[in-house]
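Results of the structural survey
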Amino acid sequence: MMKWINILFALCLFQSVTAQEWTCYLNDEKAQPRERLVDFKHIELDIEIMPYQHLVKGRATFDIEPLAIPTDSIWLDAPDISVLGVSSDQNDSIAFTQNREGIAIKLESPIQPGGMFKLYVDYSAHPQKGLYFVGWKDSADVRQIWTQGQGIDNRHWLPHFDYMAEKQTTELIVKFPKGYPLLSNGKLVSKKDDGDKTTWHYKMEKPHSSYLLMLAAGTYESDTITNARGLEISQWYYKGQEDMVPYTYKGTKEMTEVITDFMGVDYPWDRYSMVPTRNYLYGGMENTTATIFAETFVCDSLQYHDKNFVYVNAHEFAHQWFGDLVTSVSPEAHWIHEGFATFFHHYWLGEFFGKDEYYKQLDIYRSASFAASEKNIRPISHSGAGSARHYFKASIVIEMLRQELGEDAFRTTLTEFLKRYAHKTVSSEDFLRTVYDVTGKPMNWFWDQWVYRGGEPMVRAELTKKWGKSYLILEQTQPDSFGTFRLPMNMKFAVDGSDREMGIDFNARKDTVELSFDVKDVDYFILDNAHKLLMQEDKQQKEEQWLNQMLNDNHPMDVVQAMRNLELTDYDKELKKLFEKSEFDFVKIKLISMVSENKELVDDLLKLVKEESVEVRKAYVENCKVTNVGFLETQLIAPSYELRREALKKIIEADRENAETYMRITEELKTDHQFLYRMDWLHLAHSVEYITEEKFISEMEKYSGPGYDFVTRNRALMILRAKNIQSEKVIDNAMDAAQSFNRSLRSSGCQYLKDLDEDTRKELLQKVMLSSNSLKIKRLERCLK
Ligand SMILES: [Zn+2]
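Since the model is a prediction, treat every value here as computed from it, not as a measurement. All residue numbers here refer to positions counted from 1 along the written sequence of the relevant chain. Local features in this predicted model are restricted to residues of pLDDT 70 or higher, and side-chain atom pairs are both shown and tallied only at a pLDDT of 80 or more, whereas totals for entire chains, interfaces and linings draw on every residue. Side-chain measures here rest on the full set of heavy atoms in the structure, leaving out hydrogens and waters.

On to the packing of aromatic side chains. Pairing of aromatic rings covers Phe, Tyr and the six-membered ring of Trp, with a centre-to-centre limit of 6.5 Å; geometry is then stacked below 30 degrees between planes, edge-to-face above 60, and tilted otherwise. The tally for this structure, following the rule as stated, stands at 54 aromatic pairs. Residues F297 and Y311 carry aromatic rings whose centres are separated by 6.5 Å and whose planes lie at 85° to one another, so their mutual orientation is edge-to-face. Taken together, the positions of F297 in the loop between β19 (290–294) and α4 (310–319) and Y311 in helix α4 put the pair 14 residues apart, joining distant regions of the chain. A simple rule labels every residue: compare its accessible area, found with a 1.4 Å probe on the protein chains alone, to the largest value its type can have, and call it buried under 20%, exposed over 50%, or partly exposed in between. Judged by relative accessible area, which is 5%, F297 ranks as buried. For Y311, a relative accessible area of 36% puts it in the partly exposed group. Either the NZ atom of lysine or the CZ atom of arginine qualifies as a charge over a ring when it sits within 6 Å of the ring centre and within 35 degrees of the ring normal. We note K307 situated over the ring of F297; from NZ or CZ to the ring centre the distance is 4.8 Å. The ring of F696 is capped by K723, whose NZ or CZ atom sits 5.1 Å from the centre of that ring. Secondary structure is summarised from DSSP: a helix means a run of H or I of at least four residues, a strand means a run of E of at least two, and numbering begins at the N terminus for each.

Let us look at the sheet that holds strand β23 (residues 469–476). A strand pair is defined by DSSP finding two or more bridges across the two strands. The four strands are arranged β26-β23-β22-β28 in an open sheet whose pairing can be described as mixed. Each end of this open sheet is capped by a strand with a single partner; those strands are β26 (510–514) and β28 (536–540). Taken over all neighbouring pairs, the strand axes of this sheet differ in orientation by 20° on average, direction set aside. One ladder, built from five bridges, connects strand β22 (residues 458–466) with β28; its direction is parallel. By the bridge assignment for β28, E462 is matched with Q540. Under this scheme, a helix contributes an axis fitted over its contacting stretch, all axes are lines through C-alpha atoms, and angles between N-to-C directions fall in the 0 to 180 degree range.

Taken as a whole, helix α15 (residues 599–609) has its buried residues at L601, V602, L605, L606, L608 and V609. Seen end-on, α15 carries its buried residues on one side only, within an arc spanning 165°. For α15, exposure combined with an orientation more than 90 degrees from the buried face picks out K599, E600 and K607. Any two residues whose heavy atoms approach within 4.5 Å at even a single point are treated as in contact. Looking at the buried positions of α15, the neighbouring elements they touch are α13 (572–581), α14 (585–595), α16 (614–623) and α17 (629–635). Regarding the arc, it is the one traced by the directions from the helix axis to the C-beta atoms.

Further remarks concern the state of the cysteines. Put simply, a disulfide is two cysteine sulfurs that come within 2.5 Å. Considering all chains together, one arrives at one disulfide under this definition. Sulfur-sulfur distance for the disulfide between C750 and C783 comes to 2.2 Å. Judged by the sign of its S-S torsion, about -110°, the bond between C750 and C783 is left-handed. In this pair, C750 sits in helix α24 (residues 743–754) while C783 sits in helix α26 (residues 774–784), placing the two residues 33 residues apart along the sequence. Comparing C750 with C783 shows no difference in burial state: the two are buried.

A few words now on the sheet that holds β19. Pairing is mixed in the open sheet, where five strands are placed in the order β15-β16-β17-β19-β18. Where the open sheet ends on each side, the last strands, each with one partner, are β15 (220–226) and β18 (284–285). Here three bridges tie strand β16 (residues 232–238) to strand β17 (residues 272–277), and the two strands are oriented parallel to one another. From the neighbouring strand, Q235 faces β17, where its bridge partner is M274.

Let's shift gears to the nonpolar core. Put simply, a nonpolar core is a bunch of buried Ala, Val, Leu, Ile, Met, Phe, Trp, Tyr and Cys residues held in one set by side-chain atoms that sit within 4.5 Å of each other. In this structure, M550 and L753 are the most contacted members of the largest nonpolar core, which totals 243 residues. Setting aside residues up to four positions removed in sequence, L753 forms contacts with I731, A734, M735, A738, R761, L764, L780, C783 and L784.

So, about the coordination of the zinc ion. For Na, K and Ca the donor cutoff is 3.2 Å, while for all other metals N, O and S atoms count as donors only within 2.8 Å; water does not appear among the atoms, so some sites may look incomplete. At the metal site, the zinc ion is ligated by H315 (NE2), H319 (NE2) and E338 (OE), and these contacts range over 2.0 to 2.1 Å. Spacing between the donor residues of the zinc ion along the chain follows H-x3-H-x18-E. Taken together, the residues H319 in helix α4 and E338 in helix α5 (residues 334–353) connect sequence positions 19 residues apart. By relative accessible area, which is 0% here, H319 ends up buried.

Should a side-chain nitrogen of Lys or Arg be within 4 Å of a carboxyl oxygen of Asp or Glu, the pair is scored as a salt bridge. Tallied over the full model, the rule gives 50 salt bridges. E65 is paired through a salt bridge with K41; the nearest N and O atoms lie 3.7 Å apart. Within this pair, whereas E65 is found in strand β2 (residues 55–66), its partner K41 is found in strand β1 (residues 38–50), the two being separated by 24 residues in sequence. Note that K393 and E456 form a salt bridge whose closest N and O atoms lie 2.8 Å from each other. With K393 in helix α7 (residues 387–405) and E456 in the loop between α10 (444–452) and β22, this pair connects stretches of sequence that are 63 residues apart.

So this is what it looks like as C-alpha cells:
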C-alpha cells in the first residue's frame, strides 16, 4: 500500500517540474460522483408514522426528468423497505425487482431526455437506521422520533436516489399521533387534526439534497425569536425544561447575525429551527432549515461552564450555506462543508468568548492536524482524510487563504462563490476558479500544497554569523514525500527591546536570509508572527531566548511555544510572574498543566488562582494536588459541575474526617438535570458511607434505564459494573441498552452482560431465543455467548 502511494507521489512531483498546472490525488475511488441517468426534480412524501410500532407507511411521489441518454430503468436506494407497488402518471402498475439495497424499476419503453413524468412508490418500513424511535415502548417522559440522513441513511425510511449531489425540492406530509409537535424542512404549509392524529405538511421551495431531509417529533415545546435580519428562529426544548433555553441557546441571535454578515449572502431559506434529541449519534446535523443536536448540549447555568452548545450552534448554522446551499459534487470536496463550518464556528468562538478561546481552539486544531499526518498523509480533498483534516486542517487552510488574499478579497470571494453555486454542487476546483475570477490571483500553488497534497511543513530556523555578517538559515525538513511548501512568512525579531518585522516568501528546501542587525542582540524571534501558517517549527533558540519569549511576547501562542521548549522546573519565580501578568486563560491553563508536579509552585499559585475564571480554577483543581481545605470549600459552590465534583473529591482526600459535612453541603446543591454529576456524587457518597448501599443501587439503577440519554446510561452501567452490582433491574436495563441503535450504548450494555456469570448469561440467552425479532437476537447473542 505504502509503495503505491510513494509511486504516485513520485509521479506528481515529476509532473510538477514539467508542467505548470497539475493536480495530485492519492488513489481515491470515492472522488468520482455517482452515476445517474435521471434528474429528480421533486419528492413528495405522504406518509404515516406509527411510533409505537416503529413503523412508516405511505407513498413517495417523484417528479423525474431523464438526463441526456434515453433510459428504461430507474434505481431507488431502499434497504429495510417493503415496496408495495410502483406506478406512474402514465401507467398504473410498473414492474420492479427488489434486493437488499434497493429497487430497480423497469419502464415499459425508454423515456427520452427532456420529458417529465411522475413516479409513485407505495411502501412500508421498520427502519433500522435513518429514522429513530426513542421512548415509545417505555413509560418514559421523553418520547421522540428523529432522523439522521448523513451519510446515506435516509434511504432506510424513504426509498429514493440517495446521493448528496442530487438536489430537489421536497414536500413532507406526515400523519403522526396528536399532541406531539413535528418538525421538518422548510415552511409549515398546514397542520390538520383528524381524530387522535395530526397531519403536518412541510414544504421546501428551493432544491436541497436528500441527506438533509429531516423529521423530528415528540414531547417538545418551542420558543421563536427573530434576529435583526428578520430571520425567525425556533428553539425547541423538552417539555418542562424552559429554564434551560437561555443557557442552551445563548448568543444565538447575535451569532446568526454575525455569520450572515460574514457570508455576504442572505440566509438562503425561510426559517431556522434547532431541536435536541436523545441518544443522538453525533454532535449536531445541519438539515436544511432544521438542525438536530444531541441532548447532552442542553444546559443549565452550571453545565454552561462545562459543556455548552455555542460552537455546535454556530457550526450547524454556517452549514446552511456551506453544505446545504452549496454542496460538494463528490466526497472530494467534503472539506468545503466541514472546513467552512469549522472556520465559522471557530470565528464565532473568538467573537463570543474572546481571542483567548480562539487560540485555545487553534492549538487543538493544529495538534490534531499534525497528529493525523503521523498516520498517513492524505490531503484534505481525500474522501478518507478523516475528521481531523476535514474539520480542523481544512479550517486552518481556509484561514491561511484569508491571510493570503486579505480580508476584503477573501470575503468578496466567499460571497461570489455562494452566489455562483447557490443550489448547485461544487468541486475543490470550482472554489479555486472563483478565487481567480474574483481576485485575479492564481492560487494553484496554494491548492496544490494545502488541498491536493497532504502533510505539513517542518521548518528549522537558526541564527548564525559568518564573516562578520548575521543570517537566519531556514530549512524545510519534512520528509521528501511531503514535497516542498511555499511559506509566506511574517517574521518578528525582538532586538534590544524593540521589534523588527520581516516578510519572506520561503519556497525552497533551504534559504539564507541576511539580517540588518547582529544575531547576538536578538532577544528572541518569531517565525510566523501572524500565527496562521500550519507548520511545525524547529526553532533553534538559546534557553535565555526562550525565556525572553515566554516573558516578553504578548501573543499567547508564542508564550505557550516558549513554555513547551523550556525546562520549567528552573523558573518558579518567572512562571509565577507570568501567571500574574498574563491576560490569557489559555496561557494559565497550559502553565498549570505543565507545573502540576511542582508542589511549591502549585501552592504558591493558590492565592492567584482564587481570583481566576472558572476554567482556570477547574484546571488547577483537576491537575494539581490541592490540599487547602478553605479554598476547596469555596469551590464546592462554584458555577460548574465539573469544578464542584473535582473539589469534592480533593476535599474528601484532604479532610476525610469531615467527609459527612462535605457530602451534606453538596447534596443540597444537587440538581436533577446534570445526572453525570449526580452519579459521581452518589459514587463518592457510597464510598465514604454517607449513603447506604440500597440507596446507591436504587438511584443508579434508574440512571441505567431507558428514561435517560445514552451518555448518562453509559456512565451508570460503567459504575455499576465496576462495583460488581448485578441486580435484576440493572440486567434488564443492560439488555435494553445492548439492543440500542446507538452503538456506544450498545457497547456499554454488552460489556455489562459479558461480566455476568455463565449460568445467568445462559438463562438470558434462552429467553432471548424465544423472541421473534432477529436483530434483537443477533445483537444480544454476541454479548451473552
Ligand atoms: Zn459539520
